[in-house]
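Coordinates in review
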Amino acid sequence: MTTFKTLLLAAALVAPAAMTATAADAQVSGIAVADAQGAIANSKAWNAARAQIETTYKAQLDQAETRRQAVARELQPLVTAFQAAQRAPGASEASLRPQAQAIQTRENAANQELARLTQPAQRAQQYAIEQIQAKLSDAVTAAVRAKNVSLLLRPEAALFAQPTADITSAITTELDRLVPTVSTAVPANWQPNQNGQQQGAAPASAPAAATGKRTTPQGR
C-alpha cells in the first residue's frame with residue numbers, strides 16, 4: 001500500500017523571498033536555481049517525520065487505503081454502465097445526467113469518508129512541514145551566501161541551467177543543520193499557518209489522492 005503511506009508534500013510549500021527574482025535582476029551574475037519543495041522533501045527532519053507518521057497512524061492509513069480500493073470497485077460497474085450509455089444511439093446530456101450525478105454523489109461521499117480517516121495523519125504532516133518551513137528562509141540565505149549566489153531562481157523560471165547551478169542540495173544541508181528533527185505530536189490547539197498559500201489545503205487534497213484517478217464521468 002503506497003497511496004497514503006507515501007505522504008508526499010501535499011501541503012503548499014511557500015518559498016521565501018530569496019527564491020524569487022524580477023526581470024530587472026536578470027543580468028546579475030552568480031545565478032543559481034533551487035527547488036524549495038525538493039529541499040524540504042529531502043531533509044532528514046522531514047523523512048524522519050514521515051516515517052513516524054506512517055507508524056503512528058498506520059491503522060487509519062491502512063483503513064483508508066482499504067476503503068479507497070473498495071470504493072473504486074463499487075464505482076467501476078457504474079462507470080462502465082455510464083460509458084456504455086454514452087455510446088448508445090440517441091444519448092444526450094439530459095439522459096446521462098442521472099447516472100453521472102449518482103457516480104458523483106458516491107465519489108463525494110467516499111472523499112469525505114477518506115478525509116476523516118486521513119485527517120490526523122495529514123495534520124501531523126502539516127505540523128512537521130511547518131516546523132521545517134520556519135527555517136527555510138534561513139537555510140536559503142546560508143546556502144546563497146556559501147555559494148556566492150547573487151540571484152536565485154525557481155527551476156521552472158530558468159529556460160536552461162547547468163546541474164552545477166542547482167543549489168537545492170545545499171539548502172537541504174542547511175535545513176539539516178538548522179532543524180535536525182521536528183515533532184509530529186500536534187498540539188491540541190494548533191492550526192496550520194495561514195500566511196501565504198494556505199497549508200490548510202493539504203487535508204482537502206488528501207481525498208482526491210486517496211481515490212486515485214478521478215472516475216466521475218462527464219456527460220456530452
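In this text the structure is predicted, and so the values were computed from the model without any measurement.

**A look at the overall build of the chain**
- Check the secondary structure of the chain and you find seven helices and two strands.
- The buried share of the chain, reckoned over its 220 residues, is 38%.
- When the accessible surface of the chain is totalled, it reaches about 12000 Å², and 52% of it is carbon and sulfur.

**Points about helix H2 (residues 44-56)**
- For H2, which comprises 13 residues, the first-to-last C-alpha distance of 18 Å matches the rise-based estimate of 18 Å (1.5 Å per residue) to within 8%.
- Where H2 is concerned, the buried positions are Ala45, Trp46, Ala49 and Ile53. The buried residues of H2 occupy an angular sector of 90 degrees when the element is viewed end-on, so they sit on one face. The exposed set on the far side of H2, more than 90 degrees from its buried face, consists of Lys44 and Thr55.
- In this structure, the buried side of H2 is in contact with helix H1 (36-41), helix H3 (58-87), helix H4 (93-133) and helix H6 (168-178).

**A short note on the pattern of salt bridges**
- The tally for this structure, following the rule as stated, stands at six salt bridges.
- Linking Glu74 and Arg106 is a salt bridge whose minimum nitrogen-to-oxygen distance equals 2.8 Å. In this pair, Glu74 is assigned in helix H3 and Arg106 in helix H4, connecting sequence segments 32 residues apart.
- The exposure class assigned to Glu74 is partly exposed, which follows from its relative accessible area of 37%.
- Judged by relative accessible area, which is 24%, Arg106 ranks as partly exposed.
- For Arg97, the salt bridge identified is with Glu93, shortest N-O distance 3.8 Å.

**As for the packing of aromatic side chains**
- One pass over the full model with this rule turns up one aromatic pair.
- Residues Tyr127 and Trp190 carry aromatic rings whose centres are separated by 5.3 Å and whose planes lie at 70 degrees to one another, so their mutual orientation is edge-to-face. Here the residue Tyr127 occupies a position in helix H4, and Trp190 occupies one in the loop between H6 and helix H7 (201-210), the gap between them amounting to 63 residues. Trp190 matches Tyr127 in its accessibility class, with the two residues each being buried.

**Notes on the packing of H2 against H3**
- The N-to-C vectors of H2 and H3 enclose an angle of 75 degrees; their axes lie 5 Å apart at closest approach. Considering the angle they form, H2 stands roughly perpendicular to H3. Taking contact as the criterion, the partners of Ile53, Glu54, Thr55 and Thr56 in H2 are, on H3, Lys58, Gln60 and Leu61.
- Considered class by class, the residues forming the contact of H2 with H3 number two nonpolar, three polar and two charged.

**Looking at the packing of helix H5 (residues 136-146) against H6**
- Here H5 crosses H6 at 125 degrees, and the two axes come no closer than 8 Å. Viewed along their axes, H5 and H6 adopt a mutual orientation that is oblique. Where H5 crosses over H6, the two elements pack in a sense that is right-handed. Contacts between H5 and H6 involve Leu136, Asp138, Ala139, Val140, Ala142 and Ala143 on the former and, on the latter, Ala170, Ile171, Glu174, Leu175, Arg177 and Leu178.

**What to know about the environment of Lys44**
- Following the sequence through the fold, Lys44 ends up in helix H2.
- Excluding anything up to four places from it in sequence, Lys44 contacts Asp176 and Pro180.

**Looking at H6**
- The set of residues buried in H6 consists of Thr168, Ala170, Ile171, Thr172, Glu174, Leu175 and Asp176.
- Against the buried residues of H6 lie strand E1 (31-33), H1, H2, H4 and H5.

**Quick notes on unusual backbone geometry**
- A positive phi angle, near 55 degrees, is found at Asn148, a position not held by glycine.
- With respect to the secondary-structure elements, Asn148 resides in the loop between H5 and strand E2 (151-153).
- Residue classification places Asn148 among the exposed residues on the basis of a relative accessible area of 65%.

Cut-offs used in this document
- Residues numbered from 1 in each chain as written.
- Predicted model: local features only at pLDDT ≥ 70, side-chain atom pairs only at ≥ 80, totals over all residues.
- Heavy atoms only, no water.
- Helix = DSSP H or I, 4+ residues; strand = E, 2+ residues; numbered from the N terminus.
- Buried < 20%, exposed > 50% of the residue type's maximum accessible area, 1.4 Å probe, protein only.
- Areas by Shrake-Rupley, 256 points an atom, 1.4 Å probe, with all protein chains shown as cover.
- Expected span 1.5 Å × (residues − 1).
- Arc of directions from axis to C-beta.
- Contact = heavy atoms within 4.5 Å.
- Salt bridge = Lys/Arg side-chain N within 4 Å of Asp/Glu carboxyl O.
- Phe/Tyr/Trp six-rings, centres within 6.5 Å; stacked < 30°, edge-to-face > 60°.
- Axes fitted to C-alpha atoms, helices over the stretch in contact; angles between N-to-C directions.
- Parallel < 35°, antiparallel > 145°, perpendicular 65-115°, else oblique.
- Nonpolar A, V, L, I, M, F, W, Y, C, P; charged D, E, K, R; others polar.
- Left-handed = near helix turned anticlockwise from the far one by under 90°.

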